[in-house]
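# What the coordinates show
One letter stands for each residue in the lines below.
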Amino acid sequence: MSRTEKGVAEYHLLTDAVRDTPTPCRNDPRFIQERDQIDSSDLLAMKRVCLQCPLLALCGTYAEAARPSAGMWAGRFWGRTERTRA
């Protein structure tokens, strides 16, 4: 299975859920930036947003399956420079 195929099912589950339950990170550009572009106060605020999100589990399942190339997913940064918990 190629990298692009990984997480496809999980992505569809997440996007279907987002249609019914808008996420608090929606339209917040910080969530698609690289970890090194985020200052510590923003990082803490972003983690709080994730922890309060009703789709936290679906987001985390997607991220674990797909290993996104950037951004914060379920309170964890993914990307070329960091693939560990922030």
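Anyway, here's the lowdown on the structure attached to this text. (Residues numbered from 1 in each chain as written. Predicted model: local features only at pLDDT ≥ 70, side-chain atom pairs only at ≥ 80, totals over all residues. Heavy atoms only, no water.)

### Quick look at the nonpolar core
Counting residues in each nonpolar core, the largest one holds eight residues, listed as Leu-14, Ala-17, Val-18, Cys-53, Leu-55, Cys-59, Tyr-62 and Ala-66. Counting only elements with at least two residues in this core, the list comes to helix 1 (8–20) and helix 3 (56–66). Leaving out residues up to four positions away in the same chain, Leu-14 has contacts with Leu-55, Leu-58, Cys-59, Tyr-62 and Trp-73. Membership of the second largest hydrophobic core comes to seven residues, among which are Met-46, Cys-50, Met-72 and Phe-77. (Core = buried A, V, L, I, M, F, W, Y, C linked by side-chain atoms within 4.5 Å. Buried < 20%, exposed > 50% of the residue type's maximum accessible area, 1.4 Å probe, protein only. Helix = DSSP H or I, 4+ residues; strand = E, 2+ residues; numbered from the N terminus. Contact = heavy atoms within 4.5 Å.)

### A look at the layout of surface pockets
Quantified by volume, the largest pocket comes out at close to 480 Å³. Around the largest pocket, the lining is made up of 24 residues, and of these Leu-14, Thr-23, Cys-25, Cys-59 and Trp-73 lie nearest the centre. Considering every element that reaches the lining of the largest pocket, the biggest residue donor is helix 1, with four residues. Residue composition of the lining of the largest pocket, grouped by class: 18 nonpolar, four polar and two charged. (1 Å grid on protein atoms, 1.4 Å probe; cavity = no way out; pocket = protein on both sides within 12 Å on 5 of 7 lines; lining within 4 Å. Points joined across faces, edges and corners; volume = space filled by probe spheres on them. Nonpolar A, V, L, I, M, F, W, Y, C, P; charged D, E, K, R; others polar.)

### Regarding helix 1
The end-to-end C-alpha distance of helix 1 is 19 Å, a good match for the 18 Å that 13 residues give at a rise of 1.5 Å each. Buried within helix 1 are the following residues: Leu-14, Ala-17 and Val-18. Here the buried residues of helix 1 occupy an arc of 105° about the axis, which is enough to place them on one side. Structural note: helix 1 exposes Ala-9, Arg-19 and Asp-20 on the side pointing more than 90 degrees away from its buried face. The elements touched by buried residues of helix 1 are helix 3 and strand 1 (72–73). (Expected span 1.5 Å × (residues − 1). Arc of directions from axis to C-beta.)

### Quick notes on the packing of aromatic side chains
Scanning all chains against the criterion turns up two aromatic pairs. Clustering of aromatic rings is evident, with ring pairs tying together Tyr-11, Tyr-62 and Trp-73. (Phe/Tyr/Trp six-rings, centres within 6.5 Å; stacked < 30°, edge-to-face > 60°.)

### Notes on the packing of helix 1 against helix 3
Relative to each other, helix 1 and helix 3 sit at 155°, their axes nearing to 9 Å. Between helix 1 and helix 3, the crossing angle belongs to the class labelled roughly antiparallel. Crossing of helix 1 over helix 3 shows left-handed handedness. For the pair helix 1 and helix 3, contact is made by Glu-10, Tyr-11, Leu-13, Leu-14 and Ala-17 and by Leu-58, Cys-59, Thr-61, Tyr-62 and Ala-65, respectively. For the contact of helix 1 with helix 3, the per-class residue count stands at eight nonpolar, one polar and one charged. (Axes fitted to C-alpha atoms, helices over the stretch in contact; angles between N-to-C directions. Parallel < 35°, antiparallel > 145°, perpendicular 65-115°, else oblique. Left-handed = near helix turned anticlockwise from the far one by under 90°.)

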